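# Structural overview for review
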Amino acid sequence: MELGLTVGRTLAEKILSARSGGEARVGDIVIAEVALVFVQDTTGPLTVRQFQAAGFERPAASIKAVLFLDHAAPSPNRELADDHSFLRGFARQTGCFLSDVGDGVCHQIVAESLARPGDLILGTDSHTVTAGGLGAFACGMGSTDGAVALGLGKTWLRVPESIRVVLSGRFSPGVYAKDLIIYLIGRIGADGATYKALEFGGDAVSTMSVPERLTVANMAVEAGAKVGLFPADETTRDYLTAQGRGSDYQSLSPDKSAIYEETIKINLAELEPMVSRPHTVDNTAPARELRGTEIQQVVIGTCTNGRLDDLAVAAKIVEGKRCCSRTRLVVAPASRGVLLAAVEAGYIRTLLEAGAVILPPGCGPCLGLHQGVLGAGESCLSTANRNFRGRMGNPEAFIYLGSPATAAATALKGEIADPREFV
Ligand code: SF4
């Protein structure tokens, strides 16, 4: 405590204080101003109907409102095509921004183009937490709450308790941010942070790139967290500047005397490649212990690990080699920008030459709607964030989660591999 004057604030308390115009402390119910509300194509139609049923005609003038067509893009059937048409029509009527088929996954585009440190962001999708990697209080909400926020430009929230995750050391070669978050979820469990803010700090944060932070924040919800939050620092500024929006930057860090419910310490140097086994994310094991597990499909992409750095890591591992003949490698870049940059860098050519199938930017096979549904008894190693039974379209299939490096190594071997063998 600072000279006994005031108790400092966590990142969650700081952001919600600023957005609600008052002192927001753990347990308080606040009404806060929202900067961005977005929907995607599987939750959007219901959100729009709720919005209309509530009597709203247009989104609140104070917010950015975006409709993303990403989960089933291009549409795999007539029902989803009709949903797309419905959302396109709503965008025309109301002036909402439309991110159409081929632009990419909502969370990636939010990070690239929309999220700012200190923003309150609501999306009708649980992985809205991704933007916490840029220091935004970003969380998923149901369609009705999303509709009300869209109409009013405000929402209510209970200020969450915060768990501080103190990171030290550096990742060893072959170990990545994905391994960190899988390790953390395995340690605290799928309900280990229910309605808490997971706040990442410590010396190692400054060594982590924004894409790495986005990967970690993305999976905070897999431990039940309301948000996963990183401070906004020089790395954040550099990322925003590279995206052409350096003026969106503001520095953001928790007070030294902030009070946390719990502190968890992790030395990155002690981590190794990790895998989540079927059928829960917290069912974790080191990749080396799963060697020999045959895999029929590998997926590299999604809002967790479909960024340029992820494709670069995978391309480097498969360069000049061919994927195992028993294993399909499916690659879905997270956004149009990622795909363009990966083409320019030669990663797409390398992946194609190794035998990969390249999908359009979007969610791809992540949620089992199309573009890589698994067969009965098949096993997949994916860089996504969820491996629940049936997630990829078949309850009789098995999903393992790992980093892009683990995925690429696995595609070469046809069985789960430890990527340190290739790095
Ligand atoms: Fe959801 Fe997967 Fe799309 Fe991410 S990539 S938004 S987890 S369906």
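Everything discussed here concerns the structure shown above.
Residues numbered from 1 in each chain as written. Predicted model: local features only at pLDDT ≥ 70, side-chain atom pairs only at ≥ 80, totals over all residues. Heavy atoms only, no water.

Let us now look at the sheet that holds strand S9 (residues 197-201). Strand order in the open sheet formed by four strands is S10-S9-S8-S11, and the pairing between neighbours is parallel. With one partner strand each, in any of the chains shown, strand S10 (227-229) and strand S11 (262-267) form the two edges of the open sheet. This sheet shows a mean twist of 20° between the axes of neighbouring strands, independent of strand direction. (Pairing = 2+ DSSP bridges. Helix = DSSP H or I, 4+ residues; strand = E, 2+ residues; numbered from the N terminus. Axes fitted to C-alpha atoms, helices over the stretch in contact; angles between N-to-C directions.)

Summed over all chains, the structure comprises four aromatic pairs. Residues Phe-200 and Phe-230 carry aromatic rings whose centres are separated by 4.8 Å and whose planes lie at 10° to one another, so their mutual orientation is stacked. Of this pair, Phe-200 sits in strand S9 while Phe-230 sits in the loop between S10 and helix H8 (234-242), and the two are 30 residues apart along the sequence. When its relative accessible area of 1% is taken as the criterion, Phe-200 is described as buried. An aromatic cluster is built from Phe-51, Phe-56 and Phe-90, whose rings are joined through pairwise contacts. (Phe/Tyr/Trp six-rings, centres within 6.5 Å; stacked < 30°, edge-to-face > 60°. Buried < 20%, exposed > 50% of the residue type's maximum accessible area, 1.4 Å probe, protein only.)

If you check the shell around the ligand, you find His-71, Val-105, His-107, His-127, Thr-302, Cys-303, Cys-363, Cys-366, Leu-367, Asn-385 and Arg-391 and nothing else. Per-class residue counts for the shell around the ligand are five nonpolar, five polar and one charged. (Near = heavy atom within 4 Å. Nonpolar A, V, L, I, M, F, W, Y, C, P; charged D, E, K, R; others polar.)

The buried count for helix H7 (residues 210-218) comes to eight of nine residues, which makes it a mostly enclosed element. The set of residues buried in H7 consists of Val-210, Pro-211, Arg-213, Leu-214, Thr-215, Val-216, Ala-217 and Asn-218.

Looking now at the environment of Ala-405. Along the polypeptide, Ala-405 turns up in helix H13 (residues 404-413). By relative accessible area, Ala-405 is classed as buried at 0%. A sequence separation of 313 residues divides Ala-405 from Arg-92, and the C-alpha atoms of the two residues are 42 Å apart. Excluding anything up to four places from it in sequence, Ala-405 contacts Tyr-176, Val-313, Ile-317 and Pro-419. (Contact = heavy atoms within 4.5 Å.)

It is worth spelling out the pattern of salt bridges at this point. For the structure on display, the rule yields 21 salt bridges. Of the charged contacts, one joins Arg-25 and Glu-23 as a salt bridge, the two residues approaching to 3.1 Å between their closest N and O atoms. Put simply, Asp-418 and Arg-291 hold a salt bridge, and the shortest N to O gap is 4.0 Å. Of the two residues, Asp-418 sits in the segment after H13 while Arg-291 sits in the loop between strand S13 (284-286) and strand S14 (297-301), which places them 127 residues apart along the sequence. What emerges from the salt-bridge pattern is a single network uniting Glu-272, Arg-288, Glu-289, Arg-291, Asp-418 and Arg-420. (Salt bridge = Lys/Arg side-chain N within 4 Å of Asp/Glu carboxyl O.)

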